[in-house]
Amino acid sequence: FLGPAEVDALLAAPDRSTWLGRRDHALLVLAVQTGLRVSELTALNIADLHLGDGPHVRCHGKGRKERATPLTRQTVDVLRAWMRERTGTATDPVLPTRQGHPLSVDAIQWLVDSGRRVEPHIVRGWWKDTGRLDDMLEANRLILETIERKVDGELDNSQVDGRVIVEAGARLTN
């Protein structure tokens with residue numbers, strides 16, 4: 001797994017002054033936050049992203065099982081910016097090639113191997129699909145370590161502890 005400094009380095013690697021760099025940054029943010037497999041990332045269509053209330057991404061995983069993965073505010077912000085630039089129809093890929101086709105798994109491996117400021121073994125370690133609950137929980141823990149506590153919503157006879165974000169307009173009751 002990647003530590004917080006390694007995640008930061010990974011996310012800083014793409015050159016965001018270019019279209020490809022912004023696409024690659026969106027891909028990496030989505031991958032790091034959700035833990036989606038490379039094949040799941042490349043199969044995502046615009047209709048699979050839900051960036052409004054209850055933001056999440058839907059995909060088909062192993063055994064063609066559909067699953068929904070919640071998205072953090074930071075990931076939603078990156079994806080909204082990317083989708084404003086990307087445009088397209090519901091059936092278009094979220095992460096296209098320059099020609100508008102879906103990226104392939106091989107294309108993503110090439111991006112990792114093509115001289116980016118990312119060590120390929122780090123990316124493989126992050127995207128490794130062990131199928132073990134403990135590994136997924138550890139990945140989630142590492143992501144949560146990057147979140148700062150923020151309470152802008154209303155706490156009605158409640159309190160929150162730890163790394164949590166309660167956004168404006170949200171109300172927690174006990």
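Predicted model only: the values in this text are computed from it and were never measured.

Regarding the packing of aromatic side chains
Within this structure, the stated rule accounts for 1 aromatic pair. On the numbers, 5.2 Å between centres and 55° between planes, the contact of Trp-19 with Trp-82 is tilted. In this pair, Trp-19 is assigned in helix α2 (residues 19–34) and Trp-82 in helix α4 (residues 73–86), connecting sequence segments 63 residues apart. On the accessibility criterion, Trp-19 (27% relative accessible area) is partly exposed.

Regarding the sheet that holds strand β2 (residues 56–60)
One open sheet accounts for 3 strands, arranged β1-β2-β3; its pairing is antiparallel. A strand with exactly one partner marks an edge of an open sheet, and here the two such strands are β1 (49–50) and β3 (66–70). Taken together, the 2 bridges between β1 and β2 define a ladder with antiparallel strand orientation. Within β2, the residue paired with Leu-49 across the bridge is Val-57.

Topic: the pattern of salt bridges
Per the stated rule, a full pass over the model turns up 10 salt bridges. A salt bridge links Asp-24 to Arg-23; the shortest N-O distance between them is 2.9 Å. For Asp-24, a relative accessible area of 6% translates into the label buried. You can call Arg-23 buried: its relative accessible area is 4%. Of the charged contacts in the structure, one is a salt bridge between Arg-171 and Asp-156, with a shortest N-O distance of 2.6 Å. Separated by 15 residues along the polypeptide, Arg-171 in strand β7 (residues 171–173) and Asp-156 in strand β5 (residues 154–156) bring together distant segments of the chain. Using a relative accessible area of 52% as the deciding quantity, one classes Arg-171 as exposed. Connected through shared salt-bridge partners, Arg-37, Glu-40 and Arg-67 make up one network.

Overview of unusual backbone geometry
Within the chain, Thr-87 stands out as a residue other than glycine whose phi angle is a positive 50°. Secondary-structure assignment places Thr-87 in the loop between α4 and α5 (105–113). Residue classification places Thr-87 among the partly exposed positions, given a relative accessible area of 48%.

A look at the side chain of Thr-97
With respect to the helices and strands, Thr-97 occurs in the loop between α4 and α5. A residue is classified by how much of its surface remains accessible, and Thr-97, at 18% relative accessible area, is buried. Among all residues touching Thr-97, those that are not within four sequence positions of it are Trp-19, Arg-23, Pro-102 and Leu-103.

A few points about the environment of Arg-149
Here Arg-149 shows up in the loop between α7 (133–144) and β4 (150–151). A relative accessible area of 48% places Arg-149 in the partly exposed class. C-alpha of Arg-149 to C-alpha of Val-166: the two residues are 17 residues apart in sequence and 8.5 Å apart in space. The residues contacting Arg-149, other than those within four sequence positions of it, are Val-160, Gly-162 and Val-164.

What counts and what doesn't
Residues numbered from 1 in each chain as written. Predicted model: local features only at pLDDT ≥ 70, side-chain atom pairs only at ≥ 80, totals over all residues. Heavy atoms only, no water. Phe/Tyr/Trp six-rings, centres within 6.5 Å; stacked < 30°, edge-to-face > 60°. Helix = DSSP H or I, 4+ residues; strand = E, 2+ residues; numbered from the N terminus. Buried < 20%, exposed > 50% of the residue type's maximum accessible area, 1.4 Å probe, protein only. Pairing = 2+ DSSP bridges. Salt bridge = Lys/Arg side-chain N within 4 Å of Asp/Glu carboxyl O. Contact = heavy atoms within 4.5 Å.

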